[in-house]
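# Topology and contacts: notes
Now for the letters of each chain:
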Amino acid sequence: MHDKSSAFGGASFRLLRNVCLEKVAVSTLLCYITSASCAAMQDETEFEDTNGNWSWWPSWRPTSMSLLKTAEAKILACLHNDVWARFVTLPDHNRIWTLTVTNKTARRASEQASKTPLVMVHGFGGGVGLWIRNLDALSRARPVHAFDLLGFGRSSRPPFSTDAELAEDQSVTSIEQWRQTVGLERMILLGHSLGGYLATSYAIRYPDRVSHLILVDPWGFPERPQPQANENAGQSLEVRRPAPPRWVKAIASVFSLFNPLAVIRAAGPWGPGLVTRFRPDFKRKFEDLFDDNTMTEYLYHCNAQTPSGEVGFRAMSESLGWAKRPMMHRVHLLPPSLPVTMLYGSRSWVDHSSGHRVAQIRGQSPTLVMVIRNASHHVYADEYEEFNNVVQKLCDTVD
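Residues numbered from 1 in each chain as written. Predicted model: local features only at pLDDT ≥ 70, side-chain atom pairs only at ≥ 80, totals over all residues. Heavy atoms only, no water.

## Looking at the pattern of salt bridges
The condition is simple: Only one rule defines a salt bridge in this text: a Lys or Arg side-chain nitrogen within 4 Å of an Asp or Glu carboxyl oxygen. Put simply, DSSP H or I for four residues or longer makes a helix, DSSP E for two residues or longer makes a strand, and each gets a number counted from the N terminus. Each residue gets one of three labels from its accessible area relative to the maximum for its type: buried under 20%, exposed over 50%, partly exposed in between, using a 1.4 Å probe on protein chains only.
Across all of its chains, the model carries 14 salt bridges by this definition. The shortest N-O distance in the salt bridge between Asp396 and Arg142 comes to 3.7 Å. With Asp396 in helix α17 (residues 384–396) and Arg142 in the loop between α6 (135–138) and β4 (144–147), this pair connects stretches of sequence that are 254 residues apart. According to the relative accessible area criterion, Arg142 is buried, its value standing at 0%. Across the pair Arg205 and Asp169 runs a salt bridge whose closest N-O atoms are separated by 2.6 Å. Linking Arg205 in helix α8 (residues 194–205) with Asp169 in helix α7 (residues 164–182), this pair joins segments that are 36 residues apart in sequence. For Arg205, a relative accessible area of 35% corresponds to the partly exposed category.

Below, the structure is given as structure tokens:
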């Protein structure tokens, strides 16, 4: 007689075998991609200096600052308003790639110039090109400045400290040096993700320079949850999530030793394909502007260059993206009179409860928390019309 339990066990064994083979294949692929540049991933900065001496890397990794410039130019060609694009040289000789967008159809240029400018700070791995859906709309009534953070995009890529506080200080200081060099007295400061974290740190240190702080799905605010001992395990109503398999933990622990985007550079000629495959959402977000891989190519070239700001971000963050120095511990240092608005996407991985916690900490200080429906972490691209309208109204409250 045929044993049903044996048949079920055989099927289970075959399923387990297939899953294991799939895991091995994934691990083998990762090892294959990284083996050619394993030494470089261990410490990329040893092989990639700020002078562009990349040794054999150009032939392996299909990127250059020239290709990044070309990809960005294609994006910025969509703008209708006047754009002044240039490098702003800081006192330490680092250069910050900067866009200034003004409304060429404004009746009175002097009136627009008198308005408090809006300064936009991108998030981790981004650049000025990601604001393409926002620059025209937000520059109708006032000048808009957008720049590539130090260590990202087309800006200089100096060495960053591996100390969290020093790395943060390096970024914030560069923003202040940029402001001084550009000649802005005060600004409406908007930051997305990592840019929101740095913008908040900047506003704490230089409160007299910020008229309104707008934080868009800001990274690094909540404290990393600490595991709590469950004394009454039988009485707990909490549903525990299953722990990830050992092979997942193993791969995660290996890649935690490297810079966050090292795999893109280690993948060499497969790098652009990896970005397109794993971030197809960026192509969809801008599909009415580009019918090709323009945006994912831009992202690739932004992040396939010498890791610099990426090293700083790694210094500031713990595993799984938590900040070593959570901003929640410092928001009470913001000036009580400074208006703060926190915009979140309803479908974002960033928990908007942090915004309500900030409002609670600030008490009677003007703090507004808004959630934009159907938007992910990239609120400015997903629901750009509503985003632009909200930001425009916030700017109008300043002048």
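Let us keep going from here.
## Thoughts on the side chain of Ser211
Quick reminder of the rule: Contacts described as polar in this section are N or O atom pairs within 3.5 Å, which, within protein, must combine one atom able to donate a hydrogen with one able to accept it, while residues neighboring in sequence count only if both atoms come from side chains. Contacts are assigned to residue pairs with any non-hydrogen atoms lying within 4.5 Å of each other.
Position of Ser211 among the secondary structure elements: in strand β6 (residues 210–216). Within the structure, Ser211 has its side chain in polar contact with the side chain of Arg186 (distance 3.1 Å). In contact with Ser211, not counting residues within four places along its chain, are Thr116, Arg186, Met187, Leu338, Pro339 and Val398.

## Remarks on the packing of aromatic side chains
Put simply, the rule reads: Two aromatic rings, drawn from Phe, Tyr or Trp (for Trp, its six-membered ring), form a pair once their centres lie within 6.5 Å of each other, and the interplanar angle then sorts them: stacked below 30 degrees, edge-to-face above 60, tilted otherwise.
The final tally for this structure, using the stated rule, is eight aromatic pairs. Centre to centre, the rings of Phe87 and Trp97 are 4.7 Å apart; their planes meet at 55°, and the pair counts as tilted. Note that Phe87 is positioned in strand β1 (residues 82–89) and Trp97 in strand β2 (residues 95–102), a separation of 10 residues in sequence. The class for Phe87 is partly exposed, based on a relative accessible area of 27%. The class of Trp97 is buried, set by a relative accessible area of 7%. Taking the centre distance of 4.6 Å and the plane angle of 35° together, the rings of Phe147 and Trp178 count as tilted. With Phe147 in strand β4 and Trp178 in helix α7, this pair connects stretches of sequence that are 31 residues apart. When its relative accessible area of 2% is taken as the criterion, Phe147 is described as buried.

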